[in-house]
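Breakdown of the fold
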Amino acid sequence: MGQLEGKTAVILGAASPGNMGQVIARLFAAEGARVMVAGRKQTPLADLASEIGGEYALCDITSHGEVNAMADKACDVFGRVDIAINTTGWGLLANTLEITQEQLDQITDLQFKGVHHFAQAFVRVMSEQQPTGGSIISLSSATTKALINNHMAYIASKRAGEAMMECVANDFGHLGIKANTVSPAFTESPMTSESFQVPGLVDAFLPRYPLGRLNTSEDVAHACLWLSSDRAFVTGQNIQPNGGLTLRGNPQARDIEAAVGAAMAKLQDG
């Protein structure tokens, strides 16, 4: 019997093949949950839902109406929502002095307003269902604890999302609603695939992980699984399934430049 047998889950941000949301959805389905995957692209969502025997919904987290419609659809289809996970994000790399107003608006809509839409919608449906209770998780980033250069807007908006989960935990725990954050570090995924092709980049990050390797999407998925299970008497916390990166901190721009420069020089000499 799976750890989530009899539970229902909504996973937003699962519309790109192989991304973190899809990895979480497959694990949750394998553990017995009925899963609704959601995002902005219909074809990959429909394919994944068919694969795992679940449902799908089109949803842009920046739209208050669409997020609430997704939550209502999940209630209509499943009868209740036990788990809601937001995996959306935008790894904006932008110097503080050069970030545009358009970029600032976009990341605020996604990682501040969007997280608020998500939390509000699922607190509403979890508060209304009988018996009450559920687990809400929003993915953040290890960079909020281990700063890295040229990520001010990204880090600030992710920290805001963490604060929202803490407030949900504090305000609605009496209804049995858990709210937590899960913070991956530099993870190979479709979103970061180009970065992993840069010679020397991984070399700059790897020594920062006490457990000796970068975290994977599967590591993150299993952290979400535990938090979503009845075994986790945990709320208002920021779980760090990233191999201890926050103990040593992320490499800074000069460290990355040195590692990439050394790797490029070695390739040229070879």
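Below or above, wherever it landed, is the structure these notes cover. (Residues numbered from 1 in each chain as written. Predicted model: local features only at pLDDT ≥ 70, side-chain atom pairs only at ≥ 80, totals over all residues. Heavy atoms only, no water.)

Examining the overall build of the chain
Each helix and strand in the chain was counted, giving 10 helices and seven strands. Computed over its C-alpha atoms, the radius of gyration of the chain comes to 19 Å, within 12% of the 18 Å expected for a compact globule of 270 residues. If you line up the chain on its principal axes, its C-alpha atoms span 65 × 40 × 35 Å. For the chain, the residues scored as buried account for 51% of the 270 residues in total. Here the chain displays about 12,700 Å² of accessible surface, and carbon together with sulfur accounts for 52% of that area. Distance between charge centroids for the chain: 5 Å, based on 19 positive and 27 negative side chains. (Helix = DSSP H or I, 4+ residues; strand = E, 2+ residues; numbered from the N terminus. Rg over C-alpha atoms; globule rule 2.2 N^0.38 Å. Buried < 20%, exposed > 50% of the residue type's maximum accessible area, 1.4 Å probe, protein only. Areas by Shrake-Rupley, 256 points an atom, 1.4 Å probe, with all protein chains shown as cover. Lys, Arg positive; Asp, Glu negative; His and termini not counted. Charge placed at Lys NZ, Arg CZ, Asp CG, Glu CD.)

Examining the pattern of salt bridges
Evaluation of the coordinates by the stated rule reveals seven salt bridges. We note a salt bridge from Asp-255 to Arg-208, for which the minimum N-O separation is 3.3 Å. Linking Asp-255 in helix α10 (residues 253–269) with Arg-208 in the loop between α7 (201–205) and α8 (217–228), this pair joins segments that are 47 residues apart in sequence. (Salt bridge = Lys/Arg side-chain N within 4 Å of Asp/Glu carboxyl O.)

Remarks on the sheet that holds strand β7 (residues 238–239)
Strands sit in the order β3-β2-β1-β4-β5-β6-β7 across an open sheet of seven strands; the sheet is parallel. Two strands close off the open sheet at either side, each with one partner strand: β3 (55–58) and β7. Pairing between strand β4 (residues 83–86) and strand β5 (residues 134–139): four bridges, direction parallel. Directly across from Ile-85, in β5, lies its bridge partner Ile-137. (Pairing = 2+ DSSP bridges.)

Re unusual backbone geometry
In this chain, Gln-130 is followed by Pro-131 through a cis amide linkage whose omega measures -10 degrees. With respect to the element layout, Pro-131 can be found in the loop between α4 (101–128) and β5.

As for the packing of aromatic side chains
We describe a pair of aromatic rings using the distance from one ring centre to the other and the angle between the two ring planes. Summed over the entire model, instances satisfying the criterion amount to two aromatic pairs. With 4.9 Å between their ring centres and 50 degrees between their planes, Phe-118 and Phe-122 make a pair best called tilted. Of this pair, Phe-118 and Phe-122 both sit in helix α4, four residues apart, which is roughly one turn of the helix. The exposure classification of Phe-118 matches that of Phe-122, with both residues buried. (Phe/Tyr/Trp six-rings, centres within 6.5 Å; stacked < 30°, edge-to-face > 60°.)

A short note on the pairing of β4
Residues Ile-83 and Ile-85 of β4 are buried on one face, and the alternating residues Ala-84 and Asn-86, pointing to the opposite face, are buried as well. Pairing of strand β1 (residues 8–12) with β4 involves four bridges; the strand directions are parallel. Of the residues in β4, the one forming a bridge with Val-10 is Ala-84. The parallel pair β4 and β5 is bridged by α4, and the resulting crossover is right-handed. (Right-handed = clockwise from strand over helix to strand, strands pointing away.)

A closer look at α8
Spanning 12 residues, α8 covers 16 Å between terminal C-alpha atoms, matching the ideal 16 Å at 1.5 Å per step. Along α8, the residues that are buried comprise Ser-217, Val-220, Ala-221, Ala-223, Cys-224, Leu-225, Leu-227 and Ser-228. The secondary structure elements touched by the buried residues of α8 are α1 (20–30), β4, β5, β6 (177–182) and β7. (Expected span 1.5 Å × (residues − 1). Contact = heavy atoms within 4.5 Å.)

Notes on the packing of α1 against α8
Following both chains from N to C, one finds α1 and α8 inclined at 50 degrees, their axes separated by 9 Å at the closest point. Relative to α8, α1 is oriented oblique. Between α1 and α8 the crossing geometry is right-handed. Listed contacts from α8 to Met-20, Val-23, Ile-24, Leu-27 and Phe-28 of α1 are Ser-217, Glu-218, Val-220, Ala-221, His-222, Cys-224, Leu-225 and Ser-228. When its residues are assigned to classes, the contact of α1 with α8 shows nine nonpolar, three polar and one charged. (Axes fitted to C-alpha atoms, helices over the stretch in contact; angles between N-to-C directions. Parallel < 35°, antiparallel > 145°, perpendicular 65-115°, else oblique. Left-handed = near helix turned anticlockwise from the far one by under 90°. Nonpolar A, V, L, I, M, F, W, Y, C, P; charged D, E, K, R; others polar.)

Remarks on helix α2 (residues 42–52)
For α2, the full list of buried residues reads Pro-44, Leu-45, Leu-48, Ala-49 and Ile-52. End-on view of α2: buried residues confined to an arc of 130 degrees, all on one side of the axis. Facing away from the buried side of α2 by more than 90 degrees, the exposed set consists of Thr-43, Asp-47, Ser-50 and Glu-51. For α2, the secondary structure elements touched by its buried residues are α1, β2 (34–39) and β3. (Arc of directions from axis to C-beta.)

Brief notes about the pairing of β5
Taking burial as the measure, the six residues of β5 include six buried ones, the bulk of the element. Residues of β5 alternate between two faces, with Gly-134, Ile-136 and Ser-138 on one and Ser-135, Ile-137 and Leu-139 on the opposite face, all of them buried. Both β5 and β6 contribute to a ladder of six bridges, which runs parallel. When the bridges of β6 are listed, Ile-137 appears paired with Asn-180. Where the polypeptide runs from β5 across helix α5 (residues 152–172) and back to β6, its parallel neighbour, the crossover connection is right-handed.

All quantities given are derived from atomic positions and should not be read as evidence of function.
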